[in-house]
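# Fold and geometry: a report
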Amino acid sequence: MRILFAHRNFPAQFGAFGEWLAGQGWEVAYLTQREGAASSHMRVVVCPADHRRPAAEIHRYVRPLEGAVITAQAFARAAVALDREGFRPDIVMGHAGWGVGTFLADVWPAAAAVPYFEWYYNWPYPDRTPWDAEAADPLDARARNRIRNAPLWADFSTARLALCPTRFQAAQFPAWMRERLTVMHDGVDTALHSPGEGQDRAILARWGIPPDAEVLTSITRGMEPHRGFPETMRALALLQKRRPRLHALIGGEDRVAYGAQLPEGESWKQRMLAELDLDLSRLHFTGLMSRPDMVAVMRASDAHVYLTVPFVLSWSLLDAMACGCLLVASDTSPVREFVEDGVTGLLVPPHDPAALAARIETALDGAAKGGDALRRVRARARARAKIVGGFDAERVIWPKKRAWLEGAAYPDAPAPARARPAGRRR
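Residues numbered from 1 in each chain as written. Predicted model: local features only at pLDDT ≥ 70, side-chain atom pairs only at ≥ 80, totals over all residues. Heavy atoms only, no water.

### Thoughts on the overall build of the protein
Under the convention used in this document: Each helix is a run of H or I in the DSSP string that is no shorter than four residues. Each strand is a run of E no shorter than two, and both are numbered from the N terminus. We compute the radius of gyration from the C-alpha atoms alone; for a globule the expected value is 2.2 Å times N to the 0.38, where N is the number of residues. Contact definition: two residues touch when any of their heavy atoms are within 4.5 Å. The charge count includes Lys and Arg as positive and Asp and Glu as negative, but it does not include His or the ends of the chains. To locate a charge, the coordinates of NZ of Lys, CZ of Arg, CG of Asp or CD of Glu are taken.
Counting its regular elements, the protein contains 15 helices and 13 strands. At 23 Å, the protein has a C-alpha radius of gyration in line with the 22 Å of a compact globule built from 426 residues. If one aligns the C-alpha atoms of the protein with their principal axes, the spans along those axes are about 75 × 65 × 40 Å. When contacts within the protein are restricted to residue pairs at least 6 apart in sequence, those whose partners lie at least 24 apart make up 69%. Computing the positive centroid from 54 side-chain charges and the negative centroid from 48, the protein places the two 5 Å apart.

So this is what it looks like as structure tokens:
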């Protein structure tokens, strides 16, 4: 089998799965615009940058669509070069909505197009935050959002099958698209993301955190209202006054990854530090971390905060569950799909720093000796068990996804006979 992945970024949602497929004997190619992208298991082709930006004079509704078309041309040129070399995939999986896969079905019309859909833009926005300004003209906002989905429609028009990672994300699409979406998560490396044996507390010394500290962690890509950064900081301001041993590790970059951008030169980190009376000696901003360091920090955590508005769920939530973190998470639809309150974590109403602080204290008190410690230990174990049983990449998700893709490439082929399990050797 030959498969080609197309994504502006790398490794993104496809890299680890592509390497696994290569290990299964598939021939795998990956088109990306990420400079320096490389793999020892699959062929990675860095596409040329878009040859121009959308025209300034074009209608503002159409600028995202023109940007997607320009990107589609860049990826199509790279695909034509691969085709001339003799690479003709059975399956093409592109990250939908950005143009990367839009014209690949025209380069390889015999290949099964399987776009990966993440988000459909609706109005009103389901992911509004208290800091978002009201639309001056709701009709304008609704119309702009409708055209914003045009690149998704183009990708859907060639789809033999279509993929979406969560039920919540699939629910954002209109019924005529939703009924053809297959919901299948990307999977979690549960061998890497696993509970430690206590030795990972050693990483805390990097930030001067004493061994007997209470450790609260929160790890996201950026620092913005979409991922609850203001509420986390406001809750910390309350907790620091009540818990003198509490230290907080905040992972991510000082930027807005999702949602509205702030004026030039401003950031939510700067705003919160200016607004709140925080003990900075007990507040540690880690910046972006390597994957091993992120896992070590999660293992060292006494309580892990993950907040989000109704939006695309971060991989870090499931990573934290696999690490056996004691979760305090926002009571929103994408989180409830994976976390059950009081069973695999603790849920808190969104946009309520006082309630968040109280829920964190419940978690920290349970993590300490005595109190409700046993129930919290069980919550950690149940969180990991949910991920291992249903979302382990190599054992659960990727084999199922491989079979699904084979069905897309050859829909009329008979199902292979299931091999009988070999007997255990004594």
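### A few points about the state of the cysteines
Note the following rule: Any two cysteine sulfur atoms lying within 2.5 Å of each other are counted as a disulfide.
Under the counting rule described, the total for this entry stands at zero disulfides. Considering cysteine sulfurs only, C325 is the nearest to C323, which forms no disulfide, with 5.5 Å between them.

### Looking at the packing of aromatic side chains
Applicable threshold: Here is the rule: rings of Phe, Tyr and Trp (six-membered ring for Trp) pair when centre to centre is within 6.5 Å. Planes less than 30 degrees apart are stacked, more than 60 are edge-to-face, and the remainder are tilted. Only protein chains enter the accessibility calculation, which uses a 1.4 Å probe; a residue whose area is less than 20% of its type maximum is buried, one above 50% is exposed, and one in between is partly exposed.
The tally for this structure, following the rule as stated, stands at 20 aromatic pairs. Ring centres of W131 and W268 lie 5.7 Å apart, and the angle between their planes is 75°; this geometry places the pair in the edge-to-face category. With a gap of 137 residues between them, W131 in the loop between β5 (112-113) and α4 (138-148) and W268 in helix α9 (residues 268-275) connect regions that are remote in the sequence. Classification of W131 as partly exposed rests on a relative accessible area of 29%. In this structure W268 comes out as buried when scored by relative accessible area, which is 5%.

### Some thoughts on the sheet that holds strand β4 (residues 91-94)
The test is simple: Between any two strands, pairing holds if DSSP finds at least two bridges.
One open sheet holds the five strands; their spatial order is β3-β2-β1-β4-β5, and the pairing between them is parallel. Strand pairing shows two members of the sheet lacking a second neighbour, β3 (43-46) and β5, which therefore form its edges. As paired strands, strand β2 (residues 27-32) and β3 are joined by four bridges and run parallel to one another. Paired with T32 across the two strands is V46, which belongs to β3.

### Notes on unusual backbone geometry
Residue P11 is bonded to the preceding F10 through a cis peptide linkage, with omega at 0°. Backbone torsion omega between W123 and P124 reads 0°, so that peptide bond is classified as cis. Relative to the helices and strands, P124 resides in the loop between β5 and α4. Look at A12: it is not a glycine, yet its phi comes out positive at around 50°. Mapped onto the elements of the fold, A12 is located in the loop between β1 (2-6) and α1 (15-23). A residue is classified by how much of its surface remains accessible, and A12, at 23% relative accessible area, is partly exposed.

### As for the pairing of strand β8 (residues 214-219)
Heads up, the condition is: The path from the first strand over the helix to the second decides the hand: if it runs clockwise while the strands point away from the viewer, the crossover is right-handed.
Burial analysis of β8 places six of its six residues in the buried class, the great majority of the element. Of the two faces of β8, the one holding E214, L216 and S218 and the one holding V215, T217 and I219 are both buried throughout. In this structure, β8 lies alongside strand β9 (residues 246-251), joined through six bridges in parallel fashion. If you follow I219 over to β9, its bridge partner there is G251. The β-α-β motif built from β8, the intervening helix α8 (residues 229-242) and the parallel element β9 has right-handed crossover chirality.

### Quick notes on the nonpolar core
Going by this rule: Residues enter a nonpolar core if they are buried and are Ala, Val, Leu, Ile, Met, Phe, Trp, Tyr or Cys, with the set joined through side-chain atoms within 4.5 Å.
Counting residues in hydrophobic clusters, the biggest one holds 61 residues, and the most contacted among them are F5 and L405. The element contributing the most residues to this core is helix α15 (residues 393-409), with seven residues. Dropping the residues within four chain positions of it, F5 is found in contact with F14, F17, G18, L21, V28, A29, Y30, L31 and M93. Listed in part, the 31 residues of the second largest apolar core include L216, L283, V328 and L346.

### Some words on the side chain of H7
Short version of the rule: What qualifies as a polar contact is a pair of N or O atoms within 3.5 Å, subject to a donor-acceptor requirement within protein and to the restriction that residues adjacent in sequence count only when both atoms come from side chains.
In this structure, H7 sits in the loop between β1 and α1. Reaching out from H7, the side chain makes a polar contact with the side chain of H95 at a distance of 3.1 Å. If near-sequence neighbours (up to four positions away) are discounted, H7 is found in contact with A12, Q13, F14, Y30, L31, T32, Q33, F75, H95 and V100.

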